Amino acid sequence: MNQLLLKLTEGQELTHKEMKEVTHRLLAQDTTSSEIAAVLTALRVRGESVSEITAIVEVLREKAMPVQTNLPDIMDNCGTGGDGVHSFNISTISAFVLAGAGIKVAKHGNRSVSSQTGSADVLEELGIALDFDGLEVEQLLQSNGIAFLFAPHVHQQLKPIMQVRKTLGVPTIFNLIGPLTNPVSLRTQFLGVYRRDMIEQMASVLHELGRERAVVVNGAGYMDEASLAGDNHLVLLNKGVQERFTIHPHDVGLNTYPNEAIKGGNAKDNAAILLDVLSGKESPFFETVLFNAGIGIFANGKAETVQQGVHLARKSIKSGNAYQCFENLVEYSKERKRKGAIG
């Protein structure tokens, strides 16, 4: 560890094998907070390589709660957080729209990072459990098309690192890799990042992690979601080939709104927004979800264009399918709680 830490502090890039070794060491019980802080700071100062990011994600997925599934086509849609826009829970609501469009979604999420209320906060407010085990995730994907994986429950070995992150108070590699550490084997992914300079790099990481197809976006105003405020910068990854492009809401028949129009609130406020959007109530929130879910459907390959994806997203909501997927998850959680109380 000392030799590898010295290499990092000298600004040298670690090999894939070395980064895996460092990550295993970071997760060891006898590793000190100082060692963890030194590694995270050194990576932050020099900048993380594709190989290093891939290595750390691979180790975290190996040590995560196991989820075994034979489903061949599962996706996730999640942003890194960190954009400072304090938007409502865009990717969470979009996940139900994706499921309503017939896509299997293993939604990986956490409590608040860059918004006032994270995905876990709003789902908990609505009565959805945060501690599904691997078998339950598999059952929900099979029966409902969507399951939620609460990051601290799935990655319990990360508690010491998370404590150091809070103490450091600056962005680290863990501000980027959260959406990459989903333990479910994903074929496709829609990933939002708050750093525009890293969209190609993150697409390369997704390729290294085995994604067949993916879209990485940095939105107008540097959001980690697609934004209605203007041009959005994206990279399409398709079988290892990257294509960078920009898209404006007008390109897909949507209106423009400033990012201030989609600010979220506390868990109750954001729960009300979720219910309104899934009920089909027109608003900037509704159109933002259409935009992001449409890109997600395109990322999955179910739509040939983003415009077609937006059409399918609207159909998912207007048909009631998206709301039904949400309601099924609530009912499953209630029944689970009832059985637990009886047991």
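Cut-off values and rules
- Residues numbered from 1 in each chain as written.
- Predicted model: local features only at pLDDT ≥ 70, side-chain atom pairs only at ≥ 80, totals over all residues.
- Heavy atoms only, no water.
- Axes fitted to C-alpha atoms, helices over the stretch in contact; angles between N-to-C directions.
- Helix = DSSP H or I, 4+ residues; strand = E, 2+ residues; numbered from the N terminus.
- Parallel < 35°, antiparallel > 145°, perpendicular 65-115°, else oblique.
- Left-handed = near helix turned anticlockwise from the far one by under 90°.
- Contact = heavy atoms within 4.5 Å.
- Nonpolar A, V, L, I, M, F, W, Y, C, P; charged D, E, K, R; others polar.
- Buried < 20%, exposed > 50% of the residue type's maximum accessible area, 1.4 Å probe, protein only.
- Arc of directions from axis to C-beta.
- 1 Å grid on protein atoms, 1.4 Å probe; cavity = no way out; pocket = protein on both sides within 12 Å on 5 of 7 lines; lining within 4 Å.
- Points joined across faces, edges and corners; volume = space filled by probe spheres on them.

## Focus: the packing of helix H2 (residues 16–26) against helix H4 (residues 50–62)
- Interaxial distance between H2 and H4 falls to 8 Å at its minimum, and their mutual angle equals 45°. Viewed along their axes, H2 and H4 adopt a mutual orientation that is oblique. Between H2 and H4 lies a crossing of right-handed hand. Contacts between H2 and H4 involve His16, Met19, Lys20, Thr23 and His24 on the former and, on the latter, Ser51, Glu52, Thr54, Ala55, Ile56, Glu58, Val59, Leu60 and Glu62.
- A breakdown of the residues in the contact of H2 with H4 according to their chemical character gives five nonpolar, five polar and four charged.

## A few points about helix H1 (residues 2–9)
- Taken together, the buried positions of H1 are occupied by Leu4, Leu5, Lys7 and Leu8. Here the buried residues of H1 occupy an arc of 155° about the axis, which is enough to place them on one side. Facing away from the buried side of H1 by over 90 degrees, the exposed positions are Asn2, Gln3 and Thr9.
- Residues of H1 that are buried in the fold lie against H2, helix H3 (33–46) and H4.
- Residue Gly11 follows H1 closely and has a positive phi angle near 85°.

## A closer look at empty space enclosed by the protein
- Using the criterion set out here, one finds two cavities of 30 Å³ or more in the structure.
- Looking at the largest cavity, its volume works out to about 60 Å³.
- Every element with two or more residues in the lining of the largest cavity is listed here: strand E1 (74–79), helix H5 (90–100) and strand E4 (188–192).
- Along the lines of polarity and charge, the residues of the lining of the largest cavity split into five nonpolar, six polar and two charged.
- As for the second largest cavity, its lining consists of Thr92, Ala95, Phe96, Lys107, Leu123, Ile146, Phe148 and Leu329.
- If you list the elements that add at least two residues to the lining of the second largest cavity, you get H5 and strand E3 (146–150).

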